[in-house]
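Each chain is listed here by its residues.
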Amino acid sequence: MKLVKFTTDDHPVFINPAYVVSVKKGMKDTAIQTTAINYTVKESVDVVLRLLGAEEARDITPALALPKNIDL
């Protein structure tokens, strides 16, 4: 089992990368959602992804579908 150490406001947290569901960038911190709980860590998104073993970051946010022509 591989555990990765991250820094939070209170104490360090050890997270198993196999249980990470998503990583989201916040205003100042990074949110890591696991199958059990959400963590807010101090590291940047790039550092978190590299430590978790991701080869590349993928944004899977759906694009906002706006109409091309607006007739008034």
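Predicted model, so just to flag it, every value in this text is computed and none were measured.

(A) Structural detail: the environment of Pro-17. Counting through the fold element by element, Pro-17 comes out in the loop between strand 2 (12-15) and strand 3 (20-25). Pro-17 sits 16 residues away from Met-1 along the chain, and the two C-alpha atoms are 9.2 Å apart. When sequence neighbours within four positions are dropped, the list of residues in contact with Pro-17 reads Lys-2, Val-4 and Leu-52.

(B) Local environment of the pattern of salt bridges. All chains considered together, the criterion is met by two salt bridges. One salt bridge in this structure joins Lys-42 and Asp-9, with 2.6 Å as the shortest N-O distance. Taken together, the residues span a long stretch of sequence, with Lys-42 in the loop between strand 5 (38-41) and helix 1 (45-52) and Asp-9 in the loop between strand 1 (4-7) and strand 2 at a distance of 33 residues. According to the relative accessible area criterion, Asp-9 is exposed, its value standing at 61%. Note that Asp-29 is salt-bridged to Lys-42, the shortest N-O span being 3.4 Å. Of this pair, Asp-29 sits in the loop between strand 3 and strand 4 (30-34) while Lys-42 sits in the loop between strand 5 and helix 1, placing them 13 residues apart in sequence. Salt bridges sharing partners connect three or more residues here, namely Asp-9, Asp-29 and Lys-42.

(C) Here's a closer look at helix 1. Taken as a whole, helix 1 has its buried residues at Val-45, Val-48, Leu-49 and Leu-52. Burial along helix 1 is one-sided: seen end-on, the buried residues are contained in an arc of 95°. Turned more than 90 degrees off the buried face of helix 1, the exposed positions are Asp-46 and Arg-50. The inward-facing, buried residues of helix 1 contact strand 1, strand 3, strand 4 and strand 5. Downstream of helix 1 by one or two residues, Gly-53 has phi in the positive range, about 95°.

(D) Summary view of the environment of Lys-42. Judged by its relative accessible area of 39%, Lys-42 is partly exposed. Between the alpha carbons of Lys-42 and Lys-28 there is a distance of 7.8 Å; along the sequence they are 14 residues apart. Once you skip the residues sitting within four places of it in the chain, Lys-42 turns out to touch Thr-7, Thr-8, Asp-9 and Asp-29. A distance of 2.6 Å separates a polar atom in the side chain of Lys-42 from a polar atom in the side chain of Asp-9. Only 3.4 Å separates the side chain of Lys-42 from the side chain of Asp-29, close enough to count as a polar contact.

What counts and how
- Within every chain, residues take consecutive numbers counted from 1 along the sequence as written.
- Side-chain atom pairs in this predicted model are given and counted only at pLDDT of 80 or more, local residue features only at pLDDT of at least 70, and totals for whole chains, interfaces and linings cover all residues.
- Heavy atoms from the whole structure form the basis of all side-chain values; hydrogens and water molecules are not counted.
- Each helix is a run of DSSP H or I of at least 4 residues and each strand a run of E of at least 2, with the numbering of both proceeding from the N terminus.
- By definition, residues are in contact when any of their heavy atoms lie within 4.5 Å.
- One side-chain nitrogen of Lys or Arg within 4 Å of one carboxyl oxygen of Asp or Glu is enough to make a salt bridge.
- Relative accessibility under 20% of the residue-type maximum defines a buried residue, over 50% an exposed one, and the middle range a partly exposed one, all with a 1.4 Å probe and only protein chains included.
- Note that the arc is defined by the directions from the helix axis to the C-beta atoms.
- Here a polar contact means two N or O atoms within 3.5 Å. Within protein one must be a hydrogen donor candidate and the other an acceptor candidate, and residues neighboring in sequence count only if both atoms are side-chain atoms.

These values are about where atoms sit, not about what they do.
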